[in-house]
Amino acid sequence: MATVIPYRARPGRHLELLLLVPALLLGVGAYALVGIATQDTVPAGITGYAVGLVGLALGMHLVLRWRAPYADPVLLPVVVALNGIGLAMIYRLDLAYALRGRETDFAGRQLGWTALAVVLAAVVLVVLRDHRTLRRYTYTAMIVALGLIALPLVPGLGAQINGAQIWIRIAGFSFQPAELGKIALAVFFAGYLVTNRDTLALAGPKVLGLQLPRPRDLGPILLVWAASLAVLIFQRDLGTSLLFFGLFVAMLYIATERLSWIVIGMVLFAGGAFVAASTFAHVNARFEAWLNAFDNAVFNASPGGSGQLVRGLFGMANGGLMGTGWGEGRPDLVPFAESDFIVASLGEELGLTGLLAMLLAYLVLAQRGLRTAIGVRDGFGKLLAGGLSFVVAFQCFVVVGGVTRLIPLTGLTMPFLAYGGSSLLANWVIVALLLRISDSARRPTAAVPPVPGAPAPVAVLEDDVPAAGVAGPAGDGPDQETERIDVGDLR
Amino acid sequence: MSELTITLLRLGYLVLLWLFVLAAIGVLRRDLYGTRIVRRLRREQNPLAAPAGPPAGGRPEGRQAEQRPSPIPRRDTGPRRLVVVEGPLRGTTLPLGTSAILIGRAPSCTLVLDDDYSSSRHARVYPEGGQWFVEDLGSTNGTYVDRRRVDGPTPVRPGIQIRVGQSTLELQR
């Protein structure tokens with residue numbers, strides 16, 4: 001005889017505070033070590049830097065205590081650690097650029113963006129009391145997302161940097177609106193799929209043992225595919241295009257549990273990428289640089305050569321197993337070492353050991369997001385949490401895969417590490433949303449008073465059973481159950 | 001600063017990085033929530049049928065059974081609980097009282113199944129004249145008692161398998 005025992009989640013705010021100590025130590029320690037290695041003394045501004053970083057982390061922690069006491073205790077420390085490491089590396093690259101006569105203040109700006117991003121995340125947590133509110137804005141989110149993605153194409157506003165038309169320039173600041181667009185898209189996909197997933201899950205013809213969907217249900221995926229190809233063609237950015245399409249396919253799979261959608265998505269994207277590679281020079285150059293990276297002609301080709309990629313590989317090889325140590329390597333030899341190639345910079349100075357630890361931290365981040373998706377009770381929250389954590393994980397895969405020459409290099413940013421305000425803002429908002437959803441996933445349900453006259457179905461189970469189980473007669477509230485259409489009702 | 005100190009700081013940083021990641025994973029291990037299915041002995045089941053407060057894990061189950069006055073012997077009065085023996089909710093037990101039990105996907109059901117193959121109000125188990133009956137509520141995929149599809153109120157005895165969607169239920173004494 002078996003029985004179901006519910007676990008009750010502990011709030012975990014003390015654990016979070018405890019984990020924040022090593023997380024902050026990592027950021028501040030890296031900053032100090034950079035100074036020790038390059039100037040033989042701790043950097044002058046370290047006290048202010050430490051106070052700022054600790055203040056931001058503690059502020060966020062207090063907001064969580066106030067507004068989301070049951071939120072996941074691991075998310076915030078992991079993100080704070082990654083952000084701190086990224087800041088230290090950007091500061092270190094500033095110093096290296098200065099030695100070569102190029103004055104930059106990437107670190108200062110990144111610190112400003114970090115502060116702004118943390119404040120924005122706190123605002124999201126305070127304002128958004130329940131993630132299900134977002135479901136009301138499903139189609140608004142779609143329009144916002146499309147607008148944000150199309151914004152760089154507006155003449156006068158959009159700016160072309162290094163071939164890709166994905167930036168806008170306002171008052172001297174360049175910004176990638178697509179980074180925020182991906183959040184809006186995730187909201188839209190979650191809201192759309194939660195209402196329409198039953199149709200999309202219907203079985204169609206069976207080919208080679210794979211249950212395909214019905215042909216007439218292919219509309220949405222073809223639409224998103226066309227949109228992502230449009231991004232690839234008009235904005236010349238492989239990364240953004242891949243991210244949007246990947247997000248849709250992943251959320252479709254989460255919503256319908258049908259493997260065939262992933263197969264269809266991969267076939268569609270491979271076909272699109274193949275056509276794009278043979279038609280457009282800039283895509284073709286990426287493939288060429290990936291396949292024949294060590295070819296002399298490809299290495300020296302400018303633009304679109306493999307010089308950056310190969311220099312990054314040399315840097316990581318120089319780092320080896322244990323790394324050269326903070327401030328001891330030469331990551332500044334790689335172009336865009338502070339943004340696109342920050343993984344290679346960290347790989348050089350912290351070695352494989354450090355890089356693997358960081359990848360594990362990302363794994364923890366994605367795992368917590370997916371665990372939240374399993375734990376939360378409403379379908380919209382499940383899809384949103386699943387989609388958002390997929391975005392973070394997918395971005396890591398695409399960036400690290402590109403830098404390590406596993407896949408062609410694309411222009412995505414490493415979440416929290418890479419230099420770039422829009423990416424930082426978007427990823428902190430994603431974390432805020434995940435924290436909000438995890439709070440509702442882990443919060444014990446309030447005891448429902450039994451309705452007189454109704455059967456009292458209390459069994460071996462106690463009160464807080466997620467997803468399914470023995471529910472009280474009052475149910476879980478009006479919006480808990482997602483709108484699922486019975487398969488039979490459609491026939 | 002000496003070479004040795006720098007090397008120590010470098011390695012110390014990596015150690016700190018790994019300690020942090022492992023600590024985070026350690027927290028994950030402590031941070032289980034949701035439900036877990038455990039096996040337990042039949043004897044201990046009886047006193048728990050009462051809707052008492054959550055039995056804290058600290059108290060040994062055996063002692064709890066001793067503390068209670070001897071379990072009421074009701075062996076001949078028919079089934080006392082409905083048990084999910086197969087499917088995602090395996091192990092869930094509902095005590096059988098005098099009222100009907102509604103099974104389906106709707107949150108208002110007594111036993112809520114998260115199962116694509118069950119309808120929102122799928123089937124009903126109810127007592128009448130000292131016997132328990134199963135009735136299908138017009139579900140899409142049907143309710144099966146002993147592998148036969150139910151098309152009207154069907155009496156069920158303990159131990160007979162009732163299939164609803166992907167779940168199999170059973171009345172038990």
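Residues numbered from 1 in each chain as written. Chains lettered and ligands numbered in written order. Predicted model: local features only at pLDDT ≥ 70, side-chain atom pairs only at ≥ 80, totals over all residues. Heavy atoms only, no water.

1. What about the overall build of chain A?
Right, so step 1: Counting its secondary structure elements, chain A contains 16 helices and seven strands.
Right, so step 2: Of all 491 residues assigned to chain A, the portion counted as buried reaches 56%.
Right, so step 3: A separation threshold of at least 6 residues defines the contact pool for chain A, and within that pool the share at least 24 residues apart is 72%.
Right, so step 4: Accessible surface, chain A: about 19,600 Å² in total, of which carbon and sulfur atoms supply 67%. (Helix = DSSP H or I, 4+ residues; strand = E, 2+ residues; numbered from the N terminus. Buried < 20%, exposed > 50% of the residue type's maximum accessible area, 1.4 Å probe, protein only. Contact = heavy atoms within 4.5 Å. Areas by Shrake-Rupley, 256 points an atom, 1.4 Å probe, with all protein chains shown as cover.)

2. Examining the overall build of chain B
Right, so step 1: Counting its regular elements, chain B contains three helices and twelve strands.
Right, so step 2: Every one of the 173 residues in chain B was classed for burial, and the buried ones make up 40%.
Right, so step 3: Sequence-distant contacts, at least 24 apart, represent 35% of the contacts inside chain B between residues at least 6 apart.
Right, so step 4: Accessible surface computed for chain B: about 9,800 Å², of which carbon and sulfur atoms make up 52%.

3. Concerning the confidence of the model for chain A
Right, so step 1: Taken as a whole, chain A shows an average pLDDT of 83; of its residues, 87% reach a score of 70 or greater.
Right, so step 2: For residues 448-491 of chain A, every residue scores under 50 in pLDDT, and the model assigns this stretch 94 contacts once sequence neighbours within four places are set aside. (pLDDT = per-residue confidence, 0-100.)

4. Concerning the environment of Ser278 of chain A
Residues and elements named next belong to chain A.
Right, so step 1: Tracing the chain through its elements places Ser278 in helix α9 (residues 259-279).
Right, so step 2: For Ser278 and Ile374, which are 96 residues apart along the polypeptide, the C-alpha to C-alpha distance reads 42 Å.
Right, so step 3: Within the structure, Ser278 has its side chain in polar contact with the backbone oxygen of Val275 (distance 3.0 Å). (Polar contact = N/O pair within 3.5 Å; in protein donor to acceptor, adjacent residues only side chain to side chain.)

5. Focus on the packing of helix α14 (residues 379-403) of chain A against helix α15 (residues 421-442) of chain A
Residue and element names in this part refer to chain A.
Right, so step 1: Where α14 contacts α15, the axes come no closer than 10 Å and their chain directions differ by 145 degrees. Of the two possible hands of crossing, α14 and α15 adopt the one that is left-handed. Counted together, Gly381, Leu384, Ala385, Leu388, Val391, Val392 and Gln395 of α14 and Asn427, Ile430, Leu433, Leu434 and Ile437 of α15 form the full contact between these two elements. (Axes fitted to C-alpha atoms, helices over the stretch in contact; angles between N-to-C directions. Left-handed = near helix turned anticlockwise from the far one by under 90°.)

6. Observations regarding the environment of Gly402 of chain A
All names here are of chain A.
Right, so step 1: Within the element layout of this structure, Gly402 appears in helix α14.
Right, so step 2: Gly402 sits in the buried class, given a relative accessible area of 0%.
Right, so step 3: In the structure, Gly402 is positioned 62 residues away from Asp340 in sequence and 9.7 Å away in space, judged by C-alpha atoms.
Right, so step 4: Those residues in contact with Gly402 that sit more than four places away from it in its chain are Leu309, Phe397, Ile407, Pro408 and Leu409.

7. Some details on the sheet that holds strand β12 (residues 167-172) of chain B
All names here are of chain B.
Right, so step 1: One open sheet accounts for six strands, arranged β3-β2-β12-β11-β8-β9; its pairing is antiparallel. Every other strand in the sheet has two partners, leaving β3 (93-95) and β9 (148-149) as the edge strands with one partner each.
Right, so step 2: Sheet topology places strand β11 (residues 161-164) next to β12; four bridges connect them, and they run antiparallel. In the sheet register, Ile162 faces β12, and the bridge partner there is Leu169. (Pairing = 2+ DSSP bridges.)

8. Details of the packing of helix α13 (residues 342-375) of chain A against α15 of chain A
Residue and element names in this part refer to chain A.
Right, so step 1: Running from amino to carboxyl end, α13 crosses α15 at an angle of 40 degrees, the nearest separation of the two axes being 9 Å. As the angle between them shows, α13 and α15 are arranged oblique. The two elements α13 and α15 meet at a crossing, and its hand is left-handed. Residues Arg368, Gly369, Thr372 and Gly375 of α13 lie in contact with α15, whose contacting residues are Leu434, Ile437, Ser438, Ala441 and Arg442.
Right, so step 2: Residues that form the contact of α13 with α15 fall into these classes: three nonpolar, four polar and two charged. (Parallel < 35°, antiparallel > 145°, perpendicular 65-115°, else oblique. Nonpolar A, V, L, I, M, F, W, Y, C, P; charged D, E, K, R; others polar.)

9. Here we look at helix α2 (residues 46-67) of chain A
Right, so step 1: If you check α2 of chain A, its first and last C-alpha atoms are 31 Å apart, about what 22 residues at 1.5 Å a residue would give, namely 32 Å.
Right, so step 2: Every buried residue belonging to α2 of chain A is among Ile46, Tyr49, Ala50, Leu53, Ala57, Met60, His61, Val63, Leu64 and Arg67 of chain A, and all of these are buried. (Expected span 1.5 Å × (residues − 1).)

10. Focus on the pattern of salt bridges
Residues and elements named next belong to chain A.
Right, so step 1: Across all of its chains, the model carries ten salt bridges over all chains by this definition.
Right, so step 2: When the shortest N-O distance is used, the salt bridge between Arg13 and Glu16 registers 2.6 Å. One end of the pair is Arg13 and the other is Glu16, both in helix α1 (residues 13-39) and three residues apart, which spans about a single turn. In terms of burial, Arg13 and Glu16 fall into one category: buried.
Right, so step 3: Between Asp72 and Arg368 there is a salt bridge, with the nearest N and O atoms lying 2.8 Å from each other. With Asp72 in the loop between α2 and α3 (75-99) and Arg368 in helix α13, the pair connects residues that are 296 residues apart, well separated along the chain. Each of the two residues, Asp72 as well as Arg368, counts as buried. (Salt bridge = Lys/Arg side-chain N within 4 Å of Asp/Glu carboxyl O.)

11. Concerning the pairing of strand β6 (residues 123-128) of chain B
Residue and element names in this part refer to chain B.
Right, so step 1: Direction of pairing for strand β4 (residues 101-104) relative to β6: antiparallel, over a ladder of three bridges. Among the inter-strand pairings, Ile103 is bridged to a residue of β6, identified as Ala123.
Right, so step 2: As judged from the six bridges shared by β6 and strand β7 (residues 131-136), these two strands associate in the antiparallel manner. Across the sheet, residue Tyr126 finds its bridge partner in β7, namely Phe133.
Right, so step 3: Hairpin connection, β6 to β7: the antiparallel pair is bridged by two residues, and Gly129 has positive phi, about 60 degrees.

12. Topic: the packing of aromatic side chains
All names here are of chain A.
Right, so step 1: Enumeration over the complete set of coordinates arrives at 16 aromatic pairs over all chains.
Right, so step 2: Taken together through their ring pairs, the aromatic side chains of Tyr139, Phe188, Phe189, Tyr192 and Phe248 make up a single cluster.
Right, so step 3: Against the face of Trp66 rests Arg67, its NZ or CZ located 4.2 Å from the ring centre. (Phe/Tyr/Trp six-rings, centres within 6.5 Å; stacked < 30°, edge-to-face > 60°. Lys NZ or Arg CZ within 6 Å of the ring centre and 35° of its normal.)

13. Focus on unusual backbone geometry
Right, so step 1: Non-glycine residue Glu257 of chain A carries a positive phi angle of around 60 degrees.
Right, so step 2: Note on placement: Glu257 of chain A falls in the loop between α8 (238-256) and α9.
Right, so step 3: Take Glu257 of chain A: its relative accessible area is 64%, and that puts it in the exposed class.
Right, so step 4: In this structure, Asp146 of chain B is a non-glycine residue whose phi angle is positive, near 55 degrees.
Right, so step 5: Here Asp146 of chain B is to be found in the loop between β8 (143-145) and β9.

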